[in-house]
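Breakdown of the fold
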Amino acid sequence: MSKLTVFDHPLIQHKLTIIRDKNVGTKEFREIVDEIASLMAYEVTRDLPTEDVEVETPVAITVKKQLAGKKLAIVPILRAGLGMVDGIMKLIPAARIGHIGMYRDEESLEPIEYFIKLPEDIDQREVLVVDPMLATGGSANMAIDALKKRGAQTIKLITLVSAPQGVEAVQTAHPDVDIFTAGLDEKLNEHGYIVPGLGDAGDRLFGTH
Ligand SMILES: O=P(O)(O)OC[C@H]1O[C@H](OP(=O)(O)OP(=O)(O)O)[C@H](O)[C@@H]1O
Ligand SMILES: O=c1cc[nH]c(=O)[nH]1
Ligand SMILES: [Mg+2]
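Residues numbered from 1 in each chain as written. Chains lettered and ligands numbered in written order. Predicted model: local features only at pLDDT ≥ 70, side-chain atom pairs only at ≥ 80, totals over all residues. Heavy atoms only, no water.

This part is about the pairing of strand E7 (residues 111–117). Pairing of strand E6 (residues 99–104) with E7, which is carried by six bridges, proceeds in the antiparallel orientation. Paired with Arg-104 across the two strands is Pro-111, which belongs to E7. Connecting the antiparallel pair E6 and E7 is a turn made up of six residues, with Leu-109 showing a positive phi of about 65°. (Pairing = 2+ DSSP bridges. Helix = DSSP H or I, 4+ residues; strand = E, 2+ residues; numbered from the N terminus.)

What follows is the structure, given as structure tokens:
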């Protein structure tokens, strides 16, 4: 069974509470999603391997740690996942970025894929799939399926708000994929929105509601 990590860091919780407020506008929403993504990336990358390297300081030669060249790819699920990319890239600037375009059919809630473009060596990279919302889990599962079909082997899923149903769906379909989320909410409503959630993340990020 994959691991579920719910971040209880006070900064993450505080910032998530701010953007849940329906009166927060697009500019502030986008800025805070970016900040939360950075804070989450710091924790998600905690287990990256390091190696010893020699470095000459102005004072002496010493041996210290650097990242052991583990290659990463950040894969946002469009549109809303785009809002988390820059925040993660600030910490991991050498990561490659893949894109998976997907939207949920409003009636069936089934995801529909409309775009996919990944780094060619995706099979050699640890992949961070990012999407603010994990609701039914349909989109995340379809994105992970698409990644595995193209050879991705190590995948983590990073979300801001998750519904228990979505977590269970991903854990069942992909027990090898660890999930990191800033908030585990109560449930889904009859329209498939997370309750209490934060509404439609894509619309709030891009001002399209
Ligand atoms: O877990 P699920 O039930 O699949 O729902 C979650 C998906 O729904 C939202 O995208 P949406 O379909 O609104 O597309 P958008 O990002 O373009 O707004 C969200 O960003 C996820 O991708
Ligand atoms: O609550 C939800 C559920 C799916 N997608 C969103 O953007 N919000
Ligand atoms: Mg949307």
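Close contacts around ligand 2 come from Arg-104, Met-133, Ala-135, Gly-192, Tyr-193, Ile-194, Gly-199, Asp-200 and Ala-201, and that covers them all. Within the backbone of Ile-194, one N or O atom sits 2.8 Å away from an oxygen atom of ligand 2. With respect to ligand 2, the backbone of Gly-199 contributes an N or O atom lying 2.7 Å from a nitrogen atom. Relative to its unbound accessible area of 240 Å², ligand 2 is 89% covered by the protein chains. If you map ligand 2 onto the pockets, it falls in the largest pocket. Within the shell around ligand 2, the residues separate by chemical class into five nonpolar, two polar and two charged. (Near = heavy atom within 4 Å. Polar contact = N/O pair within 3.5 Å; in protein donor to acceptor, adjacent residues only side chain to side chain. Areas by Shrake-Rupley, 256 points an atom, 1.4 Å probe, with all protein chains shown as cover. 1 Å grid on protein atoms, 1.4 Å probe; cavity = no way out; pocket = protein on both sides within 12 Å on 5 of 7 lines; lining within 4 Å. Sits in = over half its atoms within 2 Å of the grid points. Nonpolar A, V, L, I, M, F, W, Y, C, P; charged D, E, K, R; others polar.)

Size it by volume and the largest pocket reaches roughly 710 Å³. What lines the largest pocket is a set of 30 residues, and nearest its centre among them are Tyr-103, Arg-104, Ser-139, Tyr-193 and Asp-200. Counting residues per element, the ones that place at least two in the lining of the largest pocket are strand E4 (72–78), E6, strand E9 (133–134), helix H4 (138–149) and helix H6 (201–206). Of the residues contributing to the lining of the largest pocket, the split by class is 14 nonpolar, nine polar and seven charged. (Points joined across faces, edges and corners; volume = space filled by probe spheres on them.)

Further remarks concern the nonpolar core. Grouped together as the largest cluster of nonpolar side chains are 38 residues, with contacts concentrated most on Ile-19, Ile-36, Met-40, Ile-88, Ile-158, Leu-160 and Leu-198. Breaking this core down by element, the ones donating at least two residues are helix H1 (10–20), helix H2 (26–44), E4, helix H3 (82–89), strand E8 (126–130), strand E10 (154–162), strand E11 (178–184) and H6. Counting residues per element, this core draws most heavily on H2, which supplies eight residues. Aside from chain neighbours lying at most four places away, what touches Leu-198 is Leu-16, Ile-19, Arg-20, Phe-29, Met-133, Val-161 and Arg-204. Among the nonpolar cores identified, the runner-up in size contains 21 residues, and Ala-73, Met-102, Ile-122 and Ile-144 belong to it. (Core = buried A, V, L, I, M, F, W, Y, C linked by side-chain atoms within 4.5 Å. Buried < 20%, exposed > 50% of the residue type's maximum accessible area, 1.4 Å probe, protein only. Contact = heavy atoms within 4.5 Å.)

The next point concerns the site of ligand 1. Ligand 1 sits among 17 residues. The nearest are Arg-79, Arg-104, Asp-131, Thr-136 and Ser-139. In the model, an oxygen atom of ligand 1 is placed 3.1 Å from a nitrogen or oxygen of the Ala-80 main chain. Residue Thr-136 places a side-chain N or O atom 2.6 Å away from an oxygen atom belonging to ligand 1. When the free accessible area of ligand 1 is taken as 500 Å², the share hidden by the protein chains comes to 91%. Placement of ligand 1 is best described as lying within the largest pocket. Among the secondary structure elements, those contributing two or more residues to the shell around ligand 1 are E4, E6, E9 and H4. Among the elements that make up the shell around ligand 1, the one with the highest residue count is E6 (three residues). Classifying every residue of the shell around ligand 1 by side-chain character gives eight nonpolar, five polar and four charged.

Attention now moves to the environment of Met-40. Tracing the backbone shows Met-40 in helix H2. By relative accessible area, which is 0% here, Met-40 ends up buried. Excluding anything up to four places from it in sequence, Met-40 contacts Phe-7, Ile-12, Ile-158, Thr-159, Leu-160, Phe-180, Thr-181 and Ala-182.

This part covers H4. For H4, which comprises twelve residues, the first-to-last C-alpha distance of 16 Å matches the rise-based estimate of 16 Å (1.5 Å per residue) to within 8%. Among the residues trailing H4, Gly-151 stands out with phi positive, at a value near 105°. (Expected span 1.5 Å × (residues − 1).)

These results come straight from atomic positions and should not be treated as a statement about function.
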